[in-house]
Each structure stands twice: as structure tokens, then as C-alpha cells.
Amino acid sequence: MGWALDDGNNRLSSPSAKLGPVDFASWWTDLMGWLGSWLIPFAQTPGFAGILAVVAAVIAFWASTRNSRKERWWKRAEYALDRTLSTDEAEQLVGLAMLHSLRSRDQREQDFIKAATDVFLDPNADGDDTDDVPPAEPVETPGPAAHVVDAGRPKPPAHGFMRWLRRQWRQGKGTR
Amino acid sequence: MSIRHTDRESAARQPSEKVRVAAARVRVDSDRQVRRSTPQWIKDLANTGKKQ
């Protein structure tokens, strides 16, 4: 029923037919003309200057709040970092817990936390954790024959190199 | 300054396992906040000692 009635009243015609490129352009021109008719005179009034002042004040307040937050963050981070630098384990844990409590979505602030934890996590201490592996399990102390490995080739020990060299020389002399 | 540096070096040299686990947890949480990838071994270290 509605279709017939609407068709009869011409209310179901396509919106694009009414808002074609030519219509839209004229609508835009009308809108700009209307805006210009009151905006340009309004921009010359003290009221407009007042609005601009309020906007500037809001921006300044936002910037000040943000800087203040950052400053407080860095103070807390510095305090926490000082605790982690302690030689006392309990104090280190307190410092790390404080670092853990610092929330931030700022990349530089999180880089700071990363650097602070790398001290404990970066075994190579080279600032690059991509080449790191977990610390190896403690191994047994090598026995007397531990230096003789690798396809029969004797490997010099870390300590007592001269003694090892003399022994190698004697063994070589005995086999000739 | 030099004393601090010495303290830091010695702390970095021999951190206890408990401290390393705590540092790993801080690191994992920090990486999560900025959507940065964390090496798997750090995640594993952070999960050690957690109740299953």
C-alpha cells in the first residue's frame, strides 16, 4: 500500500537524483555563502577573540598536564632505577616492582624500562638481547682428560698451559 | 658516580634468579604495553615460579 502511495507522492525517488553533482555544487555554494555572511563579521568581534583565547588556554592546560605527568613519571622511574642499582637483592626487587608499576604507552618511556631490565636479562651486556640465550646450566668441573677432545686433536686447557705443553711434548717423544 | 657504576656492574654480573625473574616480568609487561615482541626465553623466564 505504501509503495503505491509513496510513488504517487513522488517520495521514493532516488536521493542521488536530487543530490546530483550540479545540485551538490549549488548546495555547497549556498552553504559557504551563508557561513561567510555571518562568520567573517563574527571573526571581527571580541566574542571570537574570547573563544580563541579559551581554545588556547585549553591547549596550554593540556600541554602543561602532559608535561607534568611525564615529569612525575621520570621522577618515579629514576627513583625505581636507583633501587635496582643497589647491591641488596631485596632493594633490587623493590626497584623492579616499582618499575613494573609504571604504566605508559610512550615508546621512549618503555625503552627506558627495557634498558633498566636489560641489565639483568642481557647476559652479553651488549644492549642487544636478540643474540642472547638463557644462561647455561652449571656444568661439572672438567676432569683431567677434559682437554683431550674434538677428533683426537688435543685442546689446550685454560690454565696450566705450559704444563700441558710439556706433557704433550713428552707424549709425542714417547710415541716416536 | 664511579661507585654507582661499580654497583651497577656488580649487580649486572651476578643478579640472583629471583631478580632475573622479576626483571623478565617487568620486561614482558613493558613490551606488552607498547606491543613490542618479547624474546621467548624472557617469557619463559617470566613464567617460572608462577602458579599453574
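Asker: Give me the interface of chain A and chain B: which residues, what numbers.
Answerer: Taken together, the contact between chain A and chain B spans 32 residues of the former and 26 residues of the latter. Interface area for chain A against chain B, summed over the two sides, is near 2,600 Å², with a carbon-plus-sulfur share of 60%. Contact with chain B buries surface across chain A, with Leu85(A), Phe120(A) and Leu121(A) losing the most and accounting together for 24% of the total. Across the pair Asp118(A) and Arg27(B) runs a salt bridge, and its minimum N-O distance is 3.0 Å. Between the two partners, chain A and chain B, sit 10 residue pairs in polar contact (both at pLDDT 80 or more). Breaking the side of chain A that touches chain B down by element, the ones donating at least two residues are helix 4 (46–84), helix 5 (89–101) and helix 6 (107–121) of chain A. Top element by residues in the side of chain A that touches chain B is helix 6 of chain A. It accounts for 11 residues. The residue inventory of the side of chain A that touches chain B, partitioned by class, reads 14 nonpolar, eight polar and 10 charged.

Asker: Describe the packing of aromatic side chains, and please don't skip the residues or the numbers.
Answerer: All names here are of chain A. Per the counting criterion, the structure on display carries eight aromatic pairs over all chains. Consider the rings of Phe24 and Trp27, whose centres lie 5.5 Å apart with planes at 35°: the pair is tilted. With a gap of three residues between them, Phe24 and Trp27 both fall in helix 3 (residues 21–43), about one helical turn apart. For Phe24, a relative accessible area of 44% corresponds to the partly exposed category. Linked through ring pairs, Trp34, Trp38, Phe42 and Phe48 together constitute an aromatic cluster.

What counts, and where the lines are drawn
- Residues numbered from 1 in each chain as written.
- Chains lettered and ligands numbered in written order.
- Predicted model: local features only at pLDDT ≥ 70, side-chain atom pairs only at ≥ 80, totals over all residues.
- Heavy atoms only, no water.
- Contact = heavy atoms within 4.5 Å.
- Buried area = accessible area lost by both parts, 1.4 Å probe.
- Salt bridge = Lys/Arg side-chain N within 4 Å of Asp/Glu carboxyl O.
- Polar contact = N/O pair within 3.5 Å; in protein donor to acceptor, adjacent residues only side chain to side chain.
- Helix = DSSP H or I, 4+ residues; strand = E, 2+ residues; numbered from the N terminus.
- Nonpolar A, V, L, I, M, F, W, Y, C, P; charged D, E, K, R; others polar.
- Phe/Tyr/Trp six-rings, centres within 6.5 Å; stacked < 30°, edge-to-face > 60°.
- Buried < 20%, exposed > 50% of the residue type's maximum accessible area, 1.4 Å probe, protein only.

In short, geometric facts, not functional conclusions.
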